[in-house]
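Structure assessment
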Amino acid sequence: MDPFTELIDDEAELVAVVRSWVNRQVKPVVRQLEHANTYPEALIDDMKQMGIFGLAVPPPWGEESVSVPCYARVTEELSRGWMSLAGAMGGHTVVSKLIGEFGTDEQKDRYLPRMATGELRATMALTEPDGGSDLQALRTTARPTRDGYVINGTKMWITNARRSGLVALLCRTDPEAEPRHRGISILLVEKGHGFEVSRDLPKLGYKGVESCELVFEGFEAPGSALLGPLEGQGFAQMMRGLEIGRIQVASRALGVAGAALEDAVRYAQQRQTFGKQIWEHQSIGNYLADMATSLTAARQLVYYAARCYQSGQRADLEAGMAKLFASETAMKIALDCLRIHGGYGYSTEFDVERYFRDAPLMIVGEGTNEIQRNVIARELIRRHRVSG
Ligand SMILES: Cc1cc2nc3c(=O)[nH]c(=O)nc-3n(C[C@H](O)[C@H](O)[C@H](O)COP(=O)(O)OP(=O)(O)OC[C@H]3O[C@@H](n4cnc5c(N)ncnc54)[C@H](O)[C@@H]3O)c2cc1C
(Lines give C-alpha, C1' and ligand atoms only; values in the text may rest on other atoms or scores of the structure.)
Protein backbone atom coordinates (compact mmCIF):
# COMPACT_ATOMS: atom_id res chain seq x y z
CA MET A 1 0.00 0.00 0.00
CA ASP A 2 1.17 3.52 -0.79
CA PRO A 3 1.55 5.23 2.62
CA PHE A 4 0.23 8.59 1.48
CA THR A 5 -2.86 7.88 -0.62
CA GLU A 6 -3.64 4.30 0.49
CA LEU A 7 -3.46 3.19 -3.13
CA ILE A 8 -3.41 -0.56 -3.32
CA ASP A 9 -2.20 -3.31 -5.64
CA ASP A 10 -0.97 -2.29 -9.10
CA GLU A 11 -1.19 1.45 -8.48
CA ALA A 12 0.83 1.32 -5.25
CA GLU A 13 3.34 -0.87 -7.05
CA LEU A 14 3.67 1.64 -9.89
CA VAL A 15 4.34 4.47 -7.42
CA ALA A 16 6.98 2.32 -5.70
CA VAL A 17 8.64 1.50 -9.04
CA VAL A 18 8.79 5.19 -10.01
CA ARG A 19 10.11 6.13 -6.56
CA SER A 20 12.86 3.57 -6.75
CA TRP A 21 13.75 4.61 -10.33
CA VAL A 22 13.99 8.26 -9.21
CA ASN A 23 16.35 7.31 -6.38
CA ARG A 24 18.56 5.12 -8.59
CA GLN A 25 18.50 6.85 -11.99
CA VAL A 26 17.48 10.47 -11.48
CA LYS A 27 18.97 11.70 -8.20
CA PRO A 28 22.58 10.82 -9.18
CA VAL A 29 22.45 12.74 -12.50
CA VAL A 30 19.97 15.55 -11.96
CA ARG A 31 22.42 18.26 -10.90
CA GLN A 32 24.59 17.76 -13.95
CA LEU A 33 21.62 17.69 -16.37
CA GLU A 34 20.12 20.76 -14.71
CA HIS A 35 23.24 22.89 -14.89
CA ALA A 36 24.04 21.85 -18.45
CA ASN A 37 20.35 22.52 -19.31
CA THR A 38 20.38 19.16 -21.10
CA TYR A 39 17.22 17.54 -22.42
CA PRO A 40 16.98 14.27 -20.44
CA GLU A 41 16.61 11.92 -23.42
CA ALA A 42 17.52 8.70 -21.57
CA LEU A 43 15.26 9.47 -18.61
CA ILE A 44 12.33 10.31 -20.90
CA ASP A 45 12.88 6.98 -22.68
CA ASP A 46 12.71 5.22 -19.29
CA MET A 47 9.49 7.09 -18.53
CA LYS A 48 8.03 5.84 -21.81
CA GLN A 49 9.01 2.28 -20.86
CA MET A 50 7.29 2.67 -17.49
CA GLY A 51 4.08 3.76 -19.24
CA ILE A 52 4.12 7.24 -17.72
CA PHE A 53 2.96 8.99 -20.90
CA GLY A 54 -0.08 6.70 -20.93
CA LEU A 55 -1.26 7.36 -17.38
CA ALA A 56 -4.16 9.54 -18.57
CA VAL A 57 -5.03 7.65 -21.77
CA PRO A 58 -8.22 5.66 -21.19
CA PRO A 59 -8.74 2.10 -22.40
CA PRO A 60 -9.07 0.72 -25.03
CA TRP A 61 -6.52 3.23 -26.43
CA GLY A 62 -4.08 2.89 -23.54
CA GLU A 63 -3.19 0.07 -21.16
CA GLU A 64 -1.52 2.13 -18.42
CA SER A 65 -4.44 4.33 -17.37
CA VAL A 66 -4.51 4.96 -13.60
CA SER A 67 -6.74 6.72 -11.09
CA VAL A 68 -6.19 10.45 -10.55
CA PRO A 69 -4.76 9.93 -7.02
CA CYS A 70 -2.21 7.52 -8.52
CA TYR A 71 -1.42 10.02 -11.30
CA ALA A 72 -0.85 12.66 -8.61
CA ARG A 73 1.48 10.36 -6.68
CA VAL A 74 3.52 9.42 -9.76
CA THR A 75 3.84 13.12 -10.64
CA GLU A 76 4.97 13.88 -7.09
CA GLU A 77 7.64 11.15 -7.18
CA LEU A 78 8.99 12.34 -10.55
CA SER A 79 9.13 15.89 -9.25
CA ARG A 80 10.87 14.75 -6.07
CA GLY A 81 13.70 13.71 -8.39
CA TRP A 82 13.48 16.59 -10.88
CA MET A 83 10.52 18.87 -11.43
CA SER A 84 11.38 19.06 -15.14
CA LEU A 85 10.54 15.35 -15.57
CA ALA A 86 7.05 15.91 -14.18
CA GLY A 87 6.77 18.92 -16.49
CA ALA A 88 7.70 16.78 -19.47
CA MET A 89 4.56 14.67 -18.97
CA GLY A 90 2.21 17.35 -17.53
CA GLY A 91 0.74 19.05 -20.60
CA HIS A 92 0.79 15.72 -22.44
CA THR A 93 -1.45 14.12 -19.86
CA VAL A 94 -3.84 17.11 -19.87
CA VAL A 95 -4.17 16.79 -23.66
CA SER A 96 -4.76 13.02 -23.21
CA LYS A 97 -7.64 13.81 -20.85
CA LEU A 98 -9.04 16.45 -23.23
CA ILE A 99 -9.08 14.05 -26.17
CA GLY A 100 -10.37 11.17 -24.03
CA GLU A 101 -13.21 13.28 -22.67
CA PHE A 102 -14.15 15.55 -25.59
CA GLY A 103 -12.51 14.11 -28.74
CA THR A 104 -14.32 12.48 -31.64
CA ASP A 105 -13.86 8.74 -32.19
CA GLU A 106 -11.57 9.56 -35.12
CA GLN A 107 -9.39 11.81 -32.92
CA LYS A 108 -9.16 9.17 -30.20
CA ASP A 109 -8.14 6.49 -32.71
CA ARG A 110 -5.67 8.79 -34.44
CA TYR A 111 -3.86 10.16 -31.39
CA LEU A 112 -4.41 8.25 -28.18
CA PRO A 113 -2.63 4.93 -28.94
CA ARG A 114 0.59 6.76 -29.91
CA MET A 115 0.25 9.18 -27.02
CA ALA A 116 -0.07 6.26 -24.59
CA THR A 117 3.37 4.95 -25.53
CA GLY A 118 4.95 8.39 -25.69
CA GLU A 119 5.73 7.90 -29.39
CA LEU A 120 3.59 10.99 -29.94
CA ARG A 121 4.05 13.76 -27.39
CA ALA A 122 1.50 16.52 -26.92
CA THR A 123 1.38 19.97 -25.34
CA MET A 124 -1.22 22.67 -24.83
CA ALA A 125 -0.96 26.26 -26.03
CA LEU A 126 -3.07 28.82 -24.19
CA THR A 127 -0.81 31.70 -23.16
CA GLU A 128 -0.01 34.57 -25.54
CA PRO A 129 2.56 37.40 -25.38
CA ASP A 130 -0.13 39.85 -24.24
CA GLY A 131 -1.58 37.66 -21.54
CA GLY A 132 -2.15 34.29 -19.95
CA SER A 133 -4.61 35.06 -17.17
CA ASP A 134 -7.30 36.69 -19.30
CA LEU A 135 -7.77 33.76 -21.65
CA GLN A 136 -11.02 35.09 -23.08
CA ALA A 137 -9.04 38.00 -24.53
CA LEU A 138 -6.80 35.68 -26.58
CA ARG A 139 -5.93 36.91 -30.08
CA THR A 140 -4.90 33.79 -31.98
CA THR A 141 -7.53 33.34 -34.67
CA ALA A 142 -8.62 30.26 -36.60
CA ARG A 143 -10.67 31.57 -39.50
CA PRO A 144 -13.05 28.92 -40.82
CA THR A 145 -12.63 28.14 -44.53
CA ARG A 146 -14.51 25.72 -46.80
CA ASP A 147 -12.59 22.67 -45.57
CA GLY A 148 -10.79 23.77 -42.41
CA TYR A 149 -9.17 26.75 -40.68
CA VAL A 150 -6.46 29.32 -41.34
CA ILE A 151 -4.59 30.13 -38.13
CA ASN A 152 -2.71 33.34 -37.26
CA GLY A 153 -1.23 34.35 -33.93
CA THR A 154 1.53 33.85 -31.38
CA LYS A 155 1.66 31.62 -28.31
CA MET A 156 4.10 32.06 -25.45
CA TRP A 157 5.76 29.78 -22.90
CA ILE A 158 4.64 26.55 -24.54
CA THR A 159 6.43 23.74 -22.74
CA ASN A 160 7.75 20.70 -24.64
CA ALA A 161 6.87 22.48 -27.90
CA ARG A 162 9.87 21.23 -29.87
CA ARG A 163 9.36 17.61 -28.91
CA SER A 164 5.59 17.61 -29.23
CA GLY A 165 4.02 16.39 -32.45
CA LEU A 166 0.59 17.55 -31.35
CA VAL A 167 -0.55 20.89 -29.92
CA ALA A 168 -3.95 21.52 -28.32
CA LEU A 169 -4.32 25.12 -29.46
CA LEU A 170 -6.77 27.46 -27.76
CA CYS A 171 -7.91 29.94 -30.42
CA ARG A 172 -10.75 32.15 -31.57
CA THR A 173 -12.95 30.66 -34.26
CA ASP A 174 -15.63 33.37 -34.03
CA PRO A 175 -14.41 36.91 -33.22
CA GLU A 176 -17.98 38.25 -33.06
CA ALA A 177 -19.34 35.74 -30.54
CA GLU A 178 -21.00 37.04 -27.37
CA PRO A 179 -20.22 36.12 -24.70
CA ARG A 180 -16.59 35.97 -25.88
CA HIS A 181 -15.89 32.45 -24.61
CA ARG A 182 -18.46 31.08 -27.09
CA GLY A 183 -16.10 32.10 -29.87
CA ILE A 184 -13.19 30.03 -28.53
CA SER A 185 -12.32 26.51 -29.69
CA ILE A 186 -9.50 24.00 -29.26
CA LEU A 187 -7.81 22.81 -32.44
CA LEU A 188 -5.54 19.76 -32.43
CA VAL A 189 -2.73 20.87 -34.70
CA GLU A 190 0.31 19.06 -36.04
CA LYS A 191 3.39 20.86 -37.28
CA GLY A 192 3.56 22.07 -40.87
CA HIS A 193 4.11 25.04 -43.15
CA GLY A 194 3.11 28.28 -41.37
CA PHE A 195 3.63 26.89 -37.85
CA GLU A 196 7.05 27.71 -36.41
CA VAL A 197 8.58 27.09 -33.00
CA SER A 198 10.25 30.48 -33.16
CA ARG A 199 12.43 30.56 -30.03
CA ASP A 200 13.26 28.89 -26.73
CA LEU A 201 12.58 31.17 -23.78
CA PRO A 202 15.35 31.54 -21.19
CA LYS A 203 14.14 30.89 -17.64
CA LEU A 204 15.08 30.81 -13.97
CA GLY A 205 14.59 27.09 -13.42
CA TYR A 206 12.65 24.20 -15.00
CA LYS A 207 15.79 23.45 -17.00
CA GLY A 208 16.26 20.65 -19.50
CA VAL A 209 12.78 20.91 -21.00
CA GLU A 210 12.02 23.64 -23.48
CA SER A 211 9.44 26.42 -23.11
CA CYS A 212 8.91 28.16 -26.42
CA GLU A 213 7.25 30.84 -28.45
CA LEU A 214 5.08 29.54 -31.30
CA VAL A 215 4.17 31.59 -34.36
CA PHE A 216 1.27 30.75 -36.69
CA GLU A 217 1.19 32.61 -40.02
CA GLY A 218 -1.46 31.46 -42.42
CA PHE A 219 -1.19 27.94 -41.04
CA GLU A 220 -3.87 25.67 -42.52
CA ALA A 221 -5.52 23.02 -40.35
CA PRO A 222 -8.20 20.62 -41.55
CA GLY A 223 -11.78 20.77 -40.24
CA SER A 224 -11.11 17.49 -38.40
CA ALA A 225 -8.66 19.38 -36.11
CA LEU A 226 -11.54 20.82 -34.09
CA LEU A 227 -11.67 19.07 -30.69
CA GLY A 228 -15.10 17.47 -30.49
CA PRO A 229 -17.99 18.04 -32.85
CA LEU A 230 -18.80 21.71 -32.20
CA GLU A 231 -17.02 25.07 -32.37
CA GLY A 232 -17.23 27.41 -29.38
CA GLN A 233 -16.73 24.70 -26.74
CA GLY A 234 -12.98 25.23 -26.30
CA PHE A 235 -13.05 27.50 -23.29
CA ALA A 236 -15.25 25.15 -21.25
CA GLN A 237 -13.21 22.14 -22.40
CA MET A 238 -9.97 23.83 -21.37
CA MET A 239 -11.36 24.83 -17.97
CA ARG A 240 -12.04 21.14 -17.31
CA GLY A 241 -8.56 20.30 -18.62
CA LEU A 242 -7.04 22.86 -16.27
CA GLU A 243 -8.61 21.06 -13.29
CA ILE A 244 -6.37 18.05 -13.91
CA GLY A 245 -3.55 20.41 -14.92
CA ARG A 246 -3.75 22.18 -11.58
CA ILE A 247 -3.76 18.88 -9.70
CA GLN A 248 -0.65 18.00 -11.71
CA VAL A 249 1.11 21.27 -10.84
CA ALA A 250 0.10 20.91 -7.19
CA SER A 251 1.62 17.40 -7.21
CA ARG A 252 4.81 18.79 -8.69
CA ALA A 253 4.92 21.25 -5.79
CA LEU A 254 4.59 18.35 -3.35
CA GLY A 255 7.55 16.66 -5.02
CA VAL A 256 9.80 19.71 -4.79
CA ALA A 257 8.73 20.34 -1.18
CA GLY A 258 9.25 16.68 -0.27
CA ALA A 259 12.76 16.67 -1.72
CA ALA A 260 13.60 19.87 0.16
CA LEU A 261 12.31 18.43 3.42
CA GLU A 262 14.30 15.19 2.94
CA ASP A 263 17.49 17.16 2.32
CA ALA A 264 16.83 19.45 5.29
CA VAL A 265 16.18 16.58 7.70
CA ARG A 266 19.40 14.88 6.60
CA TYR A 267 21.56 18.00 6.68
CA ALA A 268 20.21 19.11 10.06
CA GLN A 269 21.64 15.89 11.53
CA GLN A 270 24.94 16.00 9.65
CA ARG A 271 25.85 19.60 10.38
CA GLN A 272 27.11 20.49 13.83
CA THR A 273 27.51 23.92 15.42
CA PHE A 274 28.15 24.85 19.04
CA GLY A 275 28.74 21.15 19.75
CA LYS A 276 25.27 20.04 18.61
CA GLN A 277 23.57 18.74 15.48
CA ILE A 278 21.85 21.86 14.17
CA TRP A 279 18.34 20.39 14.42
CA GLU A 280 18.83 20.52 18.20
CA HIS A 281 18.86 24.32 18.04
CA GLN A 282 15.25 25.18 18.57
CA SER A 283 15.03 27.54 15.58
CA ILE A 284 16.15 24.83 13.17
CA GLY A 285 13.99 22.17 14.82
CA ASN A 286 11.01 24.51 14.47
CA TYR A 287 11.69 24.98 10.75
CA LEU A 288 11.67 21.21 10.30
CA ALA A 289 8.47 20.84 12.31
CA ASP A 290 6.69 23.54 10.30
CA MET A 291 7.95 22.15 6.98
CA ALA A 292 6.72 18.64 7.77
CA THR A 293 3.38 19.90 9.07
CA SER A 294 2.61 22.15 6.11
CA LEU A 295 3.73 19.52 3.59
CA THR A 296 1.46 16.94 5.20
CA ALA A 297 -1.46 19.41 5.06
CA ALA A 298 -0.71 20.21 1.40
CA ARG A 299 -0.71 16.50 0.57
CA GLN A 300 -4.19 16.08 2.04
CA LEU A 301 -5.52 18.92 -0.12
CA VAL A 302 -3.94 17.57 -3.29
CA TYR A 303 -5.17 14.01 -2.78
CA TYR A 304 -8.61 15.36 -1.85
CA ALA A 305 -8.73 17.30 -5.14
CA ALA A 306 -7.56 14.19 -6.99
CA ARG A 307 -10.38 12.12 -5.45
CA CYS A 308 -12.95 14.82 -6.34
CA TYR A 309 -11.76 14.86 -9.96
CA GLN A 310 -11.77 11.07 -10.02
CA SER A 311 -15.43 11.03 -8.91
CA GLY A 312 -16.34 12.91 -12.11
CA GLN A 313 -17.67 15.99 -10.33
CA ARG A 314 -16.63 19.54 -11.06
CA ALA A 315 -13.34 20.07 -9.21
CA ASP A 316 -12.20 23.61 -10.04
CA LEU A 317 -12.48 24.79 -6.43
CA GLU A 318 -10.67 21.75 -5.06
CA ALA A 319 -7.95 21.79 -7.74
CA GLY A 320 -7.52 25.54 -7.23
CA MET A 321 -7.14 25.16 -3.46
CA ALA A 322 -4.66 22.31 -3.92
CA LYS A 323 -2.56 24.26 -6.43
CA LEU A 324 -2.64 27.46 -4.36
CA PHE A 325 -1.72 25.85 -1.05
CA ALA A 326 0.77 23.29 -2.32
CA SER A 327 2.72 25.79 -4.41
CA GLU A 328 2.93 28.42 -1.68
CA THR A 329 3.97 25.65 0.73
CA ALA A 330 6.68 24.45 -1.66
CA MET A 331 8.07 27.98 -1.97
CA LYS A 332 8.22 28.40 1.81
CA ILE A 333 9.75 24.95 2.34
CA ALA A 334 12.38 25.59 -0.36
CA LEU A 335 13.33 28.86 1.35
CA ASP A 336 13.51 27.28 4.80
CA CYS A 337 15.56 24.40 3.39
CA LEU A 338 17.97 27.01 2.04
CA ARG A 339 18.16 28.71 5.44
CA ILE A 340 18.93 25.37 7.13
CA HIS A 341 21.78 24.71 4.70
CA GLY A 342 23.37 28.07 5.48
CA GLY A 343 25.93 29.05 2.80
CA TYR A 344 25.68 25.63 1.15
CA GLY A 345 22.03 26.36 0.43
CA TYR A 346 23.27 29.01 -1.99
CA SER A 347 25.78 26.67 -3.62
CA THR A 348 25.16 25.13 -7.04
CA GLU A 349 26.91 21.99 -5.73
CA PHE A 350 23.79 21.22 -3.68
CA ASP A 351 20.21 20.57 -4.87
CA VAL A 352 18.66 23.17 -2.56
CA GLU A 353 19.18 26.11 -4.91
CA ARG A 354 17.33 24.16 -7.63
CA TYR A 355 14.29 23.68 -5.41
CA PHE A 356 14.37 27.40 -4.74
CA ARG A 357 14.40 28.16 -8.49
CA ASP A 358 11.82 25.53 -9.42
CA ALA A 359 9.22 26.26 -6.72
CA PRO A 360 8.05 29.66 -8.09
CA LEU A 361 6.92 28.10 -11.36
CA MET A 362 4.12 26.29 -9.53
CA ILE A 363 2.96 29.66 -8.16
CA VAL A 364 2.68 31.10 -11.69
CA GLY A 365 1.99 28.13 -13.99
CA GLU A 366 -1.42 26.66 -14.88
CA GLY A 367 -3.03 29.94 -13.75
CA THR A 368 -1.34 32.19 -11.21
CA ASN A 369 -2.24 31.92 -7.54
CA GLU A 370 -4.07 35.26 -7.78
CA ILE A 371 -6.26 33.65 -10.43
CA GLN A 372 -6.71 30.53 -8.24
CA ARG A 373 -8.09 32.74 -5.48
CA ASN A 374 -10.54 34.27 -7.98
CA VAL A 375 -11.64 30.80 -9.09
CA ILE A 376 -12.03 29.57 -5.50
CA ALA A 377 -14.02 32.64 -4.39
CA ARG A 378 -16.31 32.55 -7.44
CA GLU A 379 -17.05 28.85 -7.05
CA LEU A 380 -17.49 29.20 -3.29
CA ILE A 381 -20.22 31.79 -3.85
CA ARG A 382 -21.82 29.73 -6.64
CA ARG A 383 -22.05 26.72 -4.33
CA HIS A 384 -23.32 28.71 -1.35
CA ARG A 385 -25.37 31.51 -2.87
CA VAL A 386 -27.89 33.08 -0.54
CA SER A 387 -31.21 34.01 -2.07
CA GLY A 388 -32.80 37.45 -1.92
C1 LIG B 1 8.19 28.01 -17.47
C2 LIG B 1 6.79 28.24 -17.89
C3 LIG B 1 6.11 27.25 -18.58
C4 LIG B 1 4.79 27.47 -19.04
N5 LIG B 1 4.18 26.52 -19.81
C6 LIG B 1 3.00 26.84 -20.43
C7 LIG B 1 2.41 25.94 -21.38
O8 LIG B 1 2.92 24.83 -21.64
N9 LIG B 1 1.27 26.33 -22.00
C10 LIG B 1 0.68 27.54 -21.76
O11 LIG B 1 -0.34 27.83 -22.37
N12 LIG B 1 1.21 28.40 -20.86
C13 LIG B 1 2.35 28.09 -20.20
N14 LIG B 1 2.92 28.97 -19.29
C15 LIG B 1 2.27 30.28 -19.10
C16 LIG B 1 1.61 30.48 -17.75
O17 LIG B 1 0.47 29.66 -17.63
C18 LIG B 1 1.32 31.97 -17.64
O19 LIG B 1 2.55 32.64 -17.49
C20 LIG B 1 0.39 32.31 -16.50
O21 LIG B 1 -0.90 31.81 -16.75
C22 LIG B 1 0.29 33.83 -16.26
O23 LIG B 1 0.06 34.53 -17.42
P24 LIG B 1 0.97 35.80 -17.78
O25 LIG B 1 2.37 35.39 -17.64
O26 LIG B 1 0.53 36.34 -19.07
O27 LIG B 1 0.65 36.85 -16.62
P28 LIG B 1 -0.52 37.99 -16.64
O29 LIG B 1 -1.81 37.36 -17.04
O30 LIG B 1 -0.05 39.14 -17.44
O31 LIG B 1 -0.53 38.39 -15.10
C32 LIG B 1 0.40 39.29 -14.51
C33 LIG B 1 0.06 39.46 -13.03
O34 LIG B 1 -1.26 40.01 -12.87
C35 LIG B 1 -2.06 39.14 -12.07
N36 LIG B 1 -3.43 39.15 -12.55
C37 LIG B 1 -3.87 39.13 -13.84
N38 LIG B 1 -5.20 39.13 -13.89
C39 LIG B 1 -5.65 39.13 -12.60
C40 LIG B 1 -6.93 39.12 -11.99
N41 LIG B 1 -8.07 39.07 -12.70
N42 LIG B 1 -6.99 39.13 -10.64
C43 LIG B 1 -5.87 39.18 -9.88
N44 LIG B 1 -4.62 39.19 -10.41
C45 LIG B 1 -4.51 39.15 -11.76
C46 LIG B 1 -1.43 37.76 -12.25
O47 LIG B 1 -1.78 36.90 -11.18
C48 LIG B 1 0.04 38.12 -12.27
O49 LIG B 1 0.48 38.33 -10.95
C50 LIG B 1 4.17 28.72 -18.76
C51 LIG B 1 4.84 29.70 -18.03
C52 LIG B 1 6.14 29.48 -17.61
C53 LIG B 1 6.85 30.57 -16.86
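Note: the structure precedes this text.
For clarity, every value in this text was computed on a predicted model and none was experimentally measured. (Residues numbered from 1 in each chain as written. Predicted model: local features only at pLDDT ≥ 70, side-chain atom pairs only at ≥ 80, totals over all residues.)

**A closer look at the overall build of the chain**
Helix and strand content of the chain: eleven helices and nine strands. On C-alpha atoms alone, the chain measures out to a radius of gyration of 21 Å, which is about the 21 Å that the 2.2 N^0.38 rule sets for 388 residues. Expressed along its principal axes, the backbone C-alpha trace of the chain runs to roughly 80 × 60 × 45 Å. For the chain, restricting intrachain contacts to residue pairs at least 6 apart in sequence, the fraction spanning at least 24 positions comes to 74%. (Helix = DSSP H or I, 4+ residues; strand = E, 2+ residues; numbered from the N terminus. Rg over C-alpha atoms; globule rule 2.2 N^0.38 Å. Contact = placed C-beta atoms within 7 Å.)

**Overview of the site of the ligand**
The full set close to the ligand counts 24 residues, and L126, G132, S133, T368 and E370 are the nearest of them. Contributions of two or more residues to the shell around the ligand are made by strand 1 (122-125), strand 3 (148-159), helix 10 (352-364) and helix 11 (369-383). Of the residues assigned to the shell around the ligand, the class counts are nine nonpolar, twelve polar and three charged. (Near = placed C-beta within 6 Å. Nonpolar A, V, L, I, M, F, W, Y, C, P; charged D, E, K, R; others polar.)

**Comments concerning helix 7 (residues 234-270)**
For the α-helix, the turn length of 3.6 residues means that residues three or four positions removed from each other point alike. For helix 7, spanning 37 residues, the distance from its first C-alpha to its last is 53 Å, which sits close to the expected 54 Å at 1.5 Å a residue. Burial within helix 7 is extensive, with 27 of its 37 residues counted as buried. (Expected span 1.5 Å × (residues − 1). Buried ≥ 20, exposed ≤ 12 C-beta atoms within 10 Å, placed from the backbone.)

**Comments concerning the pairing of strand 4 (residues 166-172)**
Strand 4 sits mainly inside the fold: seven of its seven residues count as buried. Neither face of strand 4 is exposed, since L166, A168, L170 and R172 on one face and V167, L169 and C171 on the opposite face are all buried. Both strand 1 and strand 4 contribute to a ladder of four bridges, which runs parallel. Each bridged residue has a counterpart across the sheet, and for A125 the counterpart in strand 4 is L169. Where strand 4 and strand 5 (residues 184-189) come together, six bridges link them in antiparallel fashion. Across the sheet, A168 pairs through a bridge with L188, a residue of strand 5. (Pairing = 2+ DSSP bridges.)

**Quick look at the packing of helix 7 against helix 8 (residues 282-310)**
Relative to each other, helix 7 and helix 8 sit at 155°, their axes nearing to 10 Å. Compared by their axis directions, helix 7 and helix 8 come out roughly antiparallel. Helix-helix and strand crossings are classified by hand; for helix 7 and helix 8 the assignment is left-handed. Every residue of helix 8 that contacts helix 7 at E243, I244, I247, A250, S251, L254, A257, G258, L261, A264, V265 and A268 is listed here: I284, L288, M291, A292, L295, A298, R299, V302, A305, A306 and Y309. (Axes fitted to C-alpha atoms, helices over the stretch in contact; angles between N-to-C directions. Parallel < 35°, antiparallel > 145°, perpendicular 65-115°, else oblique. Left-handed = near helix turned anticlockwise from the far one by under 90°.)

**Focus: the packing of helix 9 (residues 316-340) against helix 11**
Helices that pack against each other are described as a pair by the angle of their axes relative to one another and the distance between those axes. At a closest axis distance of 9 Å, the pairing of helix 9 and helix 11 adopts a crossing angle of 145°. Taken as a pair, helix 9 and helix 11 cross one another with a handedness that is left-handed. Of the residues in helix 11, those in contact with D316, L317, G320, M321, K323, L324, S327 and E328 of helix 9 are N369, Q372, R373, V375, I376, E379 and L380. Here the contact of helix 9 with helix 11 is composed, by residue class, of six nonpolar, four polar and five charged.

**Quick notes on the environment of K203**
You can see K203 is positioned in the loop between strand 6 (195-200) and strand 7 (211-222). Along the chain, K203 and R357 lie 154 residues apart, while their C-alpha atoms are 9.6 Å from each other.

**Quick word on the nonpolar core**
Core analysis: the biggest nonpolar cluster contains 122 residues, and A168, L187, I247, A260, V302 and A305 have the highest contact counts within it. Top element by residues in this core is helix 7. It accounts for 16 residues. If we skip the residues at most four places from it in the chain, A168 touches V95, L98, A122, M124, A125, I186, L188 and L227. (Core = buried A, V, L, I, M, F, W, Y, C linked by C-beta atoms within 7 Å.)

**Considerations on unusual backbone geometry**
Put simply, P59 and P60 share a cis peptide bond, and its omega is 5°. Inspection of the secondary structure puts P60 in the loop between helix 3 (41-49) and helix 4 (68-81). A cis amide bond links E178 to the next residue, P179, at an omega of -10°. Positive phi, normally seen in glycine, also occurs at N37, with a value near 50°. Within the secondary structure, N37 is located in the loop between helix 2 (30-36) and helix 3. When the 14 C-beta atoms within 10 Å are taken as the criterion, N37 is described as partly exposed. Look at W157: it is not a glycine, yet its phi comes out positive at around 65°. Relative to the helices and strands, W157 resides in strand 3. Exposure remark for W157: the 19 C-beta atoms within 10 Å place this residue in the partly exposed category.

**Thoughts on helix 5 (residues 83-102)**
Between its first and last C-alpha atoms helix 5 spans 29 Å; for 20 residues at 1.5 Å apiece the expected length is 28 Å, and the two agree. Across the 20 residues that make up helix 5, a large majority, 19, are buried.

**With respect to the environment of A56**
Along the chain, A56 falls in the loop between helix 3 and helix 4. Judged by local crowding, A56 falls into the buried class, with 27 C-beta atoms found within 10 Å. As a C-alpha pair, A56 and T93 span 37 residues in sequence and 5.5 Å in three-dimensional space. In contact with A56, other than residues within four places in its own chain, are S65, Y71, T93, S96 and K97.

**Some thoughts on the environment of G367**
Mapped onto the fold, G367 is located in the loop between helix 10 and helix 11. Discounting chain neighbours no more than four positions away, the residues touching G367 are L242, R246 and Q372.

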